[in-house]
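So you can see what is in the structure, the chains are spelled out below.
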Amino acid sequence: MNSYQRVMGTLSGQPVDRLPVFAVLGAYGANLTGTDLPTMFSHAPSYVAGQKALQEEFGFDLVLTAFDYSAIAEAFGGQVAWCADQVPNMKRPGARRAADALALPLPDPAKTGRLPVILEATSRLAGLYKERVPIVSVLPGPGILPALLVGMDQWMETVLFDPELAGKILDYSATFFVAWANALLEAGADCLVFTEGMATATVAPRQMFAGQFLPHLRDTFSRIPGPKVLSSTGGSMNHVLDLLPGLDGLVGVIAGSKDDLAQARQLLGSELTLIGNLDNLTLPALSADEVYRMSLQRLRTAAPPGRYILGNAGADIPQATPAGNLRAMLAAGAAYSAAIGCGS
Amino acid sequence: MNPRECSELLLAAMINVDRPGAAEIIGQALAAGITPPRVIAEILDPAIVQLGRLWEEESMSLAQNFVASKIAEDALLRCIPDSRDRARSKGAVVIGNIEDDFHSLGRRAVGLFLSAAGWEVHDLGNDVPAELFLEKALQVEARVIGVSAMMQTTALNIRKLRRLIDARGLRDSIKLAVGGAVFNWRPDLVAEVGGDGTAHNAVGADELFLRLQADLPGEVAP
């Protein structure tokens with residue numbers, strides 16, 4: 001089995017030769033190619049070279065298109081902070097006031113700013129890996145997307161104190177959200193991962209997610225074909241997991257690093273794949289032995305019912321993470337798979 | 001209603017993200033003759049302390065914390081119309097996100113809570129060079145500088161500010177508070193960047209800044 005077959009088999013609950021292992025590695029590719037991050041995130045061939053090097057070095061069961069939301073903020077007129085040693089970040093949003101978001105021109109995925117660079121990288125990855133390694137694209141969930149237009153402070157204030165305006169901004173930004181997701185699929189992405197901050201317990205309570213954002217997820221997901229995964233963005237999402245089954249095209253959830261995986265499985269039901277939940281931020285400081293032990297612990301907890309993929313929670317794994325820690329994840333996946341007789 | 005009952009109601013309003021309800025509670029307390037300083041000390045402060053405990057237990061969301069900080073700001077503005085009144089202030093502080101860091105939400109919450117607690121807050125915003133922190137602190141006679149960073153890469157930029165403070169011989173005049181998500185994950189980073197202390201959340205900033213200010217030679221603990 002190749003990675004694509006392994007992952008698709010897991011998503012559909014079929015037997016596989018070994019359990020898949022994911023690691024969110026974007027900027028880490030620069031460690032291997034020697035490229036600086038501003039180049040990597042503004043030049044499609046450089047980004048793809050990083051993914052290719054990561055595949056050759058580690059062989060995780062996915063390749064990832066750029067986890068870079070600053071490109072979206074920039075496409076909406078925001079400013080980007082470029083630093084040599086970190087992923088580009090939004091410096092200033094395009095709209096100074098929340099109401100101004102409604103006047104921002106909607107970006108064209110094929111033409112605006114660096115969005116075409118991401119699409120080109122996706123297309124190049126598809127050329128290299130289609131039906132061999134799953135091509136996964138990460139994009140902000142529709143509920144948190146407006147934070148890239150107006151800033152998180154303004155967005156949170158609008159959601160809390162001006163729900164009518166918040167609803168208008170959600171509707172307005174949804175046009176781009178759907179177009180961007182569909183453009184990524186057309187460029188070759190096999191699966192879309194949505195990091196929905198508003199589904200994270202540390203950001204919004206359950207009733208707020210259920211009342212203000214879940215209906216929006218339902219609406220927008222129904223306009224995007226293809227498999228979808230929802231990510232907790234790293235915190236905790238168990239408080240809303242039971243609300244997610246039935247979302248159009250949802251095939252899996254990336255649990256937060258603070259979530260109890262056994263509880264997550266129970267809440268999610270048996271039809272959706274559970275992914276996670278090593279804490280990406282702690283990976284640089286752990287030893288390889290610790291990563292191996294923590295990986296095995298998660299496998300033993302979450303893998304027995306099936307439809308489980310070992311992986312990290314949160315965003316990009318920091319570049320300071322020792323390569324041995326990444327290999328420890330793979331080794332744990334292989335050891336567990338062998339122990340339960342995968343492929344035999 | 002006595003101040004304790006008012007404080008409990010105020011806390012409930014904060015938890016229920018009920019900003020209008022909180023304003024009504026503060027209004028009723030003032031109308032009942034509770035003086036503005038007592039409203040802050042006996043109603044607002046205890047609610048904020050309780051809120052901090054809930055945050056520590058991870059039973060509060062950012063949305064609830066955000067509304068709570070707004071409620072605290074509302075109450076402050078009603079009770080101390082001019083929050084820059086130095087006679088009432090605990091002192092001047094300078095806060096901001098260190099150079100290359102653009103994650104402002106935590107810092108803004110810290111600013112609101114410090115203001116609510118009676119500090120004269122000078123918020124320099126995001127992406128602030130080390131030199132500017134020190135320049136502003138000297139200008140406004142701040143005894144504590146609070147620097148926020150979300151990620152390890154940007155947190156390391158705080159070392160420059162530490163070096164500047166030391167090079168100017170100001171180690172015994174200005175304390176350096178550091179905070180942000182990365183310090184909660186890696187407490188050892190506080191010492192690595194030269195911080196004098198940290199708080200796990202915005203609510204704990206008042207206590208931290210008071211402690212750091214009291215540690216300075218010539219300062220009298222409150």
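Just above sits the structure.
Now for a look at the structure at hand. (Residues numbered from 1 in each chain as written. Chains lettered and ligands numbered in written order. Predicted model: local features only at pLDDT ≥ 70, side-chain atom pairs only at ≥ 80, totals over all residues.)

Digging into the overall build of chain B
Of the regular secondary structure elements, chain B holds 11 helices and five strands. Computed over C-alpha atoms, the radius of gyration of chain B comes to 17 Å, within 12% of the 17 Å expected from 2.2 N^0.38 for 222 residues, which places it in the range of a compact globule. When the backbone C-alpha atoms are referred to their principal axes, chain B occupies close to 55 × 35 × 25 Å. Counting only residues that meet the buried cut, chain B has 48% of its 222 residues in that class. Considering only intrachain contacts with a sequence separation of at least 6, the fraction spanning at least 24 residues in chain B is 73%. (Helix = DSSP H or I, 4+ residues; strand = E, 2+ residues; numbered from the N terminus. Rg over C-alpha atoms; globule rule 2.2 N^0.38 Å. Buried ≥ 20, exposed ≤ 12 C-beta atoms within 10 Å, placed from the backbone. Contact = placed C-beta atoms within 7 Å.)

Brief notes about the environment of Ala27 of chain A
Residues and elements named next belong to chain A. Relative to the helices and strands, Ala27 resides in the loop between helix H1 (3-11) and helix H2 (28-33). Taking C-alpha positions, Ala27 is 8.5 Å from Ala66, a pair spaced 39 residues apart along the chain. If we skip the residues at most four places from it in the chain, Ala27 touches Leu37, Val87, Asp316 and Gln319.

Regarding the sheet that holds strand S3 (residues 144-148) of chain B
Residue and element names in this part refer to chain B. The five strands are arranged S2-S1-S3-S4-S5 in an open sheet whose pairing can be described as parallel. With one partner strand each, in any of the chains shown, strand S2 (120-123) and strand S5 (197-198) form the two edges of the open sheet. By the bridge criterion, four bridges tie strand S1 (residues 92-97) to S2 in an arrangement that is parallel. Among the inter-strand pairings, Val94 is bridged to a residue of S2, identified as His122. Sitting on the sheet, helix H6 (residues 130-140) touches S1, S2 and S3, and the angle it makes with S1 is about 165°. (Pairing = 2+ DSSP bridges. Axes fitted to C-alpha atoms, helices over the stretch in contact; angles between N-to-C directions.)

Quick word on unusual backbone geometry
Note: most residues except glycine have negative phi, and most peptide bonds are trans. Going from Gly276 of chain A to Asn277 of chain A, the amide bond is cis rather than trans, its omega being -10°. Mapped onto the elements, Asn277 of chain A comes out in strand S8 (residues 273-279). In the Ramachandran plot, Val17 of chain B falls in the positive-phi region, its phi being about 45° despite a non-glycine side chain. In this fold, Val17 of chain B is placed in the loop between helix H1 (3-15) and helix H2 (19-31). With phi around 80°, Asp100 of chain B is a residue other than glycine that occupies positive phi space. Counting through the fold element by element, Asp100 of chain B comes out in the loop between S1 and helix H5 (105-116).

Brief notes about the interface of chain B and chain A
Facing 19 residues of chain B, the contacting portion of chain A comprises 22 residues. Where the side of chain B that touches chain A is concerned, the elements lending two or more residues are helix H4 (62-79), H5 and helix H7 (152-155) of chain B.

Re the environment of Arg6 of chain A
Residues and elements named next belong to chain A. Residue position: Arg6 is located in helix H1. Residue classification places Arg6 among the buried residues on the basis of 23 C-beta atoms within 10 Å. Arg6 sits 10 residues away from Val16 along the chain, and the two C-alpha atoms are 5.7 Å apart.

Concerning the nonpolar core
Soluble globular proteins tend to pack their nonpolar side chains together in the buried interior. In this structure, Val253 of chain A together with Leu10, Met14, Leu44, Ala72, Phe113 and Ile145 of chain B are the most contacted members of the largest nonpolar core, which totals 189 residues. No fewer than three residues from each of domain 1 (3-79) and domain 2 (92-215) of chain B sit in this core. Residues within four places of Ala72 of chain B in sequence aside, it is in contact with Leu44, Ile48, Leu112, Phe113 and Ala116 of chain B. (Core = buried A, V, L, I, M, F, W, Y, C linked by C-beta atoms within 7 Å. Domains from an automatic or database assignment.)

A few points about H6 of chain B
Residue and element names in this part refer to chain B. Turning to H6, its buried residues number three or more, namely Ala130, Phe133, Leu134 and Ala137. Each buried residue of H6 lies within a common arc of 90° when the element is viewed along its axis, so the set occupies one face. Opposite the buried face of H6, by more than 90 degrees, sit the exposed residues Glu131 and Gln139. Each element contacted by the buried residues of H6 is listed here: S1, S3 and helix H8 (158-167). A positive backbone phi angle near 60° is found at Glu141, which sits one or two residues after H6. (Arc of directions from axis to C-beta.)

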